[in-house]
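Observations on the model geometry
One letter stands for each residue in the lines below.
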Protein chains: 2
Amino acid sequence: MSTQPKLELVRDVAPLTQNVAILGFGTVGRSVAEILSYSPDSRLRLTHIFNRNVDSKRVSWASDEILWTEKIDDILDSDADLIVETIGGLEPAYEWVRKALLKGKSVVTANKQLIAQRGRELTRLAFDTGQQLLFGASVAGGVPVLLALQEGLAGDRLVGISGILNGTCNYILTRMEQAGVSFGAALAEAQQFGYAEADPSADVNGDDAAAKLAILVQVALKVGLTPNAVRTTPVTDVDSIDFQYAKDLGCTIRQVSRAQFDGRKLFSSVEPALVPRESSLAQVQGNQNVVVASGKYGGNTAFSGSGAGGHPTAVAVISDLIAAAHGRTHQGWLVPGDSRPIRSTGDFTTPHYVRFVVKDRPGIIAEIAALLGARGINIDAVLQKSGFTKSALPFVITLEPCGASVLRETLDDLSRAEFLVKPPVTFPILR
Amino acid sequence: MSTQPKLELVRDVAPLTQNVAILGFGTVGRSVAEILSYSPDSRLRLTHIFNRNVDSKRVSWASDEILWTEKIDDILDSDADLIVETIGGLEPAYEWVRKALLKGKSVVTANKQLIAQRGRELTRLAFDTGQQLLFGASVAGGVPVLLALQEGLAGDRLVGISGILNGTCNYILTRMEQAGVSFGAALAEAQQFGYAEADPSADVNGDDAAAKLAILVQVALKVGLTPNAVRTTPVTDVDSIDFQYAKDLGCTIRQVSRAQFDGRKLFSSVEPALVPRESSLAQVQGNQNVVVASGKYGGNTAFSGSGAGGHPTAVAVISDLIAAAHGRTHQGWLVPGDSRPIRSTGDFTTPHYVRFVVKDRPGIIAEIAALLGARGINIDAVLQKSGFTKSALPFVITLEPCGASVLRETLDDLSRAEFLVKPPVTFPILR
């Protein structure tokens with residue numbers, strides 16, 4: 001070993017302190033203020049808090065030097081360097097973020113709808129104004145998946161993304177699995193504990209996850225995708241009995257968001273799906289999130305943790321504030337030039353699970369098999385649990401890989417069959 | 001919605017192309033060359049490859065313009081901007097990396113020993129010479145955990161790290177679990193498939209994982225730790241029967257690397273441990289890796305994927321090359337100033353599992369309980385499987401939380417007991 005080189009002690013390279021304004025003092029905005037107050041960072045000074053009816057929001061633990069205001073121009077015309085946007089929704093967030101960038105302020109946002117729908121345009125504006133737009137908190141809360149995908153896996157060619165992106169649905173489905181309760185009971189419980197809102201429709205129908213998937217696809221697969229181009233299927237059709245059949249198949253049921261891009265064709269969907277019990281998607285419990293990236297060279301890499309909640313989301317916001325204060329740019333996060341939205345299809349080819357409830361009589365499975373066979377769909381197995389009445393008998397057919405669309409058409413044809421007590425329910429099986 | 005602002009089309013902001021030299025054309029170096037050749041990146045041009053006996057290494061698929069050499073000065077004196085170091089080991093890697101930095105070249109390395117032992121010094125040198133030293137590939141191969149911890153979770157205060165950092169041990173232990181084979185049989189299998197080297201001692205005794213843990217601790221917990229300060233316990237004591245008892249306790253057994261820092265005291269160890277079957281640590285199969293970071297605000301965040309192998313490790317190298325080509329600095333990764341190594345203890349307080357093999361007679365458990373009780377250690381449960389001979393009867397005692405050191409001292413005292421057929425074996429239980 002040679003002697004160690006004589007080196008000067010490295011001076012601290014911390015940048016100048018930046019003034020931070022928070023727009024919106026709800027759960028996330030308040031958590032950001034808390035962490036900045038209790039774990040102060042020398043690079044960040046909280047100077048402004050904006051909210052409607054701001055007097056009702058004041059807290060005793062915040063510094064006396066903070067300006068509390070309900071006038072947005074007090075923020076836009078202030079000396080704040082960094083704006084934290086935690087208002088949510090498209091308007092007025094879009095307008096205010098745009099104005100902030102034009103006024104020479106960088107913006108850190110947790111707003112998935114804003115980024116999914118206006119992210120490319122705002123990224124371009126940030127670039128042109130020499131500012132930064134960072135949105136690590138917009139997907140998967142405290143899990144630093146966007147940074148990891150964009151920079152940590154920059155050396156790979158990512159071809160697929162799958163994930164559990166909605167904690168409300170995951171809470172409901174894991175409760176149905178573990179406690180055997182109905183969808184309605186699990187939803188009520190989620191609402192009681194604050195994991196679901198009074199109107200849970202955006203969670204349950206897949207819109208919330210579709211916005212996050214659209215951001216992930218743009219960042220990871222480098223192709224434009226708007227949330228409304230993602231095929232969504234509500235999780236409301238999932239029944240307790242589906243978990244019993246899924247278990248027999250070595251699986252459980254999750255609301256899975258996924259996308260694949262082969263360089264030409266983009267597939268994307270948010271829907272309930274059977275996933276193997278030992279898979280990363282199955283192992284995420286309660287209101288946690290997971291994202292699995294599939295790369296040509298690196299295989300599958302998984303990121304999991306707290307997908308929501310004030311403090312975890314605030315960690316993502318503050319990590320972005322620190323990056324902005326250091327002048328670290330993530331301009332490439334949403335490639336402005338070549339990421340015009342392209343058409344997406346939800347017509348993945350996978351094995352499928354189909355649950356029928358029938359008024360039993362001989363020959364039903366033969367009829368179903370004939371109809372499926374006529375469309376080139378092959379049956380893999382038939383599963384039937386005992387203990388049900390013949391007048392409303394549930395059974396399950398699993399199918400070899402087939403396209404989602406042709407299967408749906410076939411089941412539509414079948415919907416007129418006299419033996420059906422209710423329409424069949426189908427989920428893909430993701431092996 | 002307002003009309004969209006009129007914006008100029010953003011010009012591509014790609015930096016100038018950088019010349020890349022690879023030191024070492026083994027599995028990782030060759031994979032880096034492959035990806036750069038087959039998936040060319042406009043920012044990176046492979047210009048030099050260094051290896052001993054380089055003529056035996058030449059490949060037909062590489063560009064004719066690459067200079068192949070076995071003289072290190074051909075690299076150090078070249079126009080290469082970025083040096084990829086995949087030689088491994090401390091020397092000559094340390095000397096060559098030092099010289100490269102002094103010659104104004106940035107360095108990307110996959111060398112865990114180099115970074116664990118000389119990382120702070122080399123980081124300081126890189127800073128002073130205005131170059132970059134990036135080492136995302138040195139821990140967990142293709143899993144971008146260092147970047148995620150340092151930047152993605154910068155807004156949190158990380159207090160703990162745990163992980164599966166050695167794919168060889170994880171392969172062996174998951175095979176013992178799943179196939180019920182002995183340690184020796186699983187090791188032989190791992191060697192046959194190329195998951196373990198002819199001399200697996202650094203994997204099995206914990207030294208390999210200790211180097212990676214030392215890097216993680218410096219990056220995540222921001223405190224200095226040298227690999228030899230990590231308490232290591234070989235996995236060789238794990239027996240097939242331990243998996244059966246662990247299963248009864250809802251657990252499995254893994255080689256776990258972990259560290260905790262409360263601001264004053266640093267705990268660190270690499271050892272076989274019981275982990276709950278539903279935990280992130282248990283769910284990592286085969287030669288995969290996982291790292292779980294525990295933050296004050298964000299809770300647990302997990303990162304998992306391919307911890308080794310040519311292509312996944314090459315993805316990490318190339319991601320660092322891209323960051324370096326963009327001038328993105330990670331100088332903060334190993335804080336030079338205040339991260340002088342501090343003392344570390346492996347004396348975690350946890351519940352424990354202790355396996356005895358005894359020549360059975362009445363009163364043994366009472367004697368063990370008395371000895372433990374005298375040291376303030378309480379028994380939680382006694383487990384005994386049937387079907388063993390009384391002359392070599394295995395049974396297991398689980399203990400309420402106690403310090404690892406006091407337990408080891410107690411078991412040392414006990415080692416003279418006439419009823420012991422062999423020394424007792426103990427593992428912590430990580431709930």
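Residues numbered from 1 in each chain as written. Chains lettered and ligands numbered in written order. Predicted model: local features only at pLDDT ≥ 70, side-chain atom pairs only at ≥ 80, totals over all residues.

Re the overall build of chain A
When helices and strands are counted, chain A shows 13 helices and 17 strands. Considered along the principal axes of its C-alpha atoms, chain A spans approximately 85 × 60 × 45 Å. Buried residues in chain A amount to 52% of all 431 residues. At a minimum sequence separation of 6, the contacts of chain A that also span at least 24 residues come to 74%. (Helix = DSSP H or I, 4+ residues; strand = E, 2+ residues; numbered from the N terminus. Buried ≥ 20, exposed ≤ 12 C-beta atoms within 10 Å, placed from the backbone. Contact = placed C-beta atoms within 7 Å.)

Notes on the relation of the copies chain B and chain A
Superposing chain B onto chain A takes a rotation of 180° combined with a translation of 0.0 Å along the rotation axis, leaving an RMSD of 0.0 Å. Within this description, the copies of the chain are treated as partners about a two-fold rotation axis. Taking the C-alpha atom as reference, chain B places Phe303(B) closest to the rotation axis, 2.4 Å from it. Taken as a fraction of all interface residues of chain B, those also at the interface in chain A reach 98%, which identifies the copy contact as same-surface. (Least-squares fit on C-alpha atoms with pLDDT ≥ 70 in both.)

Structural notes on the interface of chain B and chain A
Each side of the interface is counted separately: chain B has 56 residues, and chain A has 55 residues. Breaking the side of chain B that touches chain A down by element, the ones donating at least two residues are helix H4 (112-129), helix H5 (145-152), strand E12 (299-306) and helix H11 (310-325) of chain B. Here the element with the most residues in the side of chain B that touches chain A is H11(B); it accounts for 10 residues. Considering only residue class, the side of chain B that touches chain A consists of 26 nonpolar, 20 polar and 10 charged. Pairing of strand E12 (residues 299-306) of chain A with E12(B), which is carried by three bridges, proceeds in the antiparallel orientation. (Nonpolar A, V, L, I, M, F, W, Y, C, P; charged D, E, K, R; others polar. Pairing = 2+ DSSP bridges.)

Topic: the packing of helix H12 (residues 364-374) of chain A against helix H13 (residues 404-414) of chain A
All names here are of chain A. Relative orientation of the contacting elements H12 and H13 amounts to 140°, with a least axis distance of 10 Å. Here H13 runs oblique to H12, going by the angle between their axes. Considering the relative orientation of H12 and H13, their crossing is right-handed. Residues Ile368, Leu371 and Leu372 of H12 touch H13, and the partners they reach there are Thr410, Asp413 and Leu414. Class assignment for the residues of the contact of H12 with H13 results in four nonpolar, one polar and one charged. (Axes fitted to C-alpha atoms, helices over the stretch in contact; angles between N-to-C directions. Parallel < 35°, antiparallel > 145°, perpendicular 65-115°, else oblique. Left-handed = near helix turned anticlockwise from the far one by under 90°.)

Comments concerning the sheet that holds strand E14 (residues 349-358) of chain B
Residues and elements named next belong to chain B. A sheet is described by the order of its strands in space; here four strands give the open sequence E15-E16-E14-E17, paired in antiparallel fashion. In this open sheet, the two strands that pair with only one neighbour each are strand E15 (379-383) and strand E17 (420-428). Direction aside, the axes of adjacent strands within the sheet are offset by 20° on average. Pairing analysis gives nine bridges linking E14 to strand E16 (residues 393-403), with the strands arranged antiparallel. When the sheet's bridge partners are listed, Val354 is paired in E16 with Ile397.

Concerning the environment of Asp262(A)
Residue and element names in this part refer to chain A. With respect to the helices and strands, the residue Asp262 is situated in the loop between strand E9 (251-261) and strand E10 (266-276). Residue classification places Asp262 among the exposed positions, given that 10 C-beta atoms sit within 10 Å. The spacing of Asp262 and Pro234 is 28 residues in sequence and 27 Å in space, taken between C-alpha atoms.

Quick notes on the domain arrangement of chain A
Residues and elements named next belong to chain A. Domain boundaries in chain A define domain 1 (18-138), domain 2 (145-307 + 338-345) and domain 3 (349-428). Domain 2 and domain 3 are separated by 25 Å when their C-alpha centres are compared. Contact with domain 2, which involves 11 residues of that partner, is made by 10 residues of domain 3. Mapped by element, the contributors of at least two residues to the side of domain 2 that touches domain 3 are helix H10 (240-248) and E10. Sort the elements by how many residues they give to the side of domain 2 that touches domain 3 and H10 lands first, with five residues. (Domains from an automatic or database assignment.)

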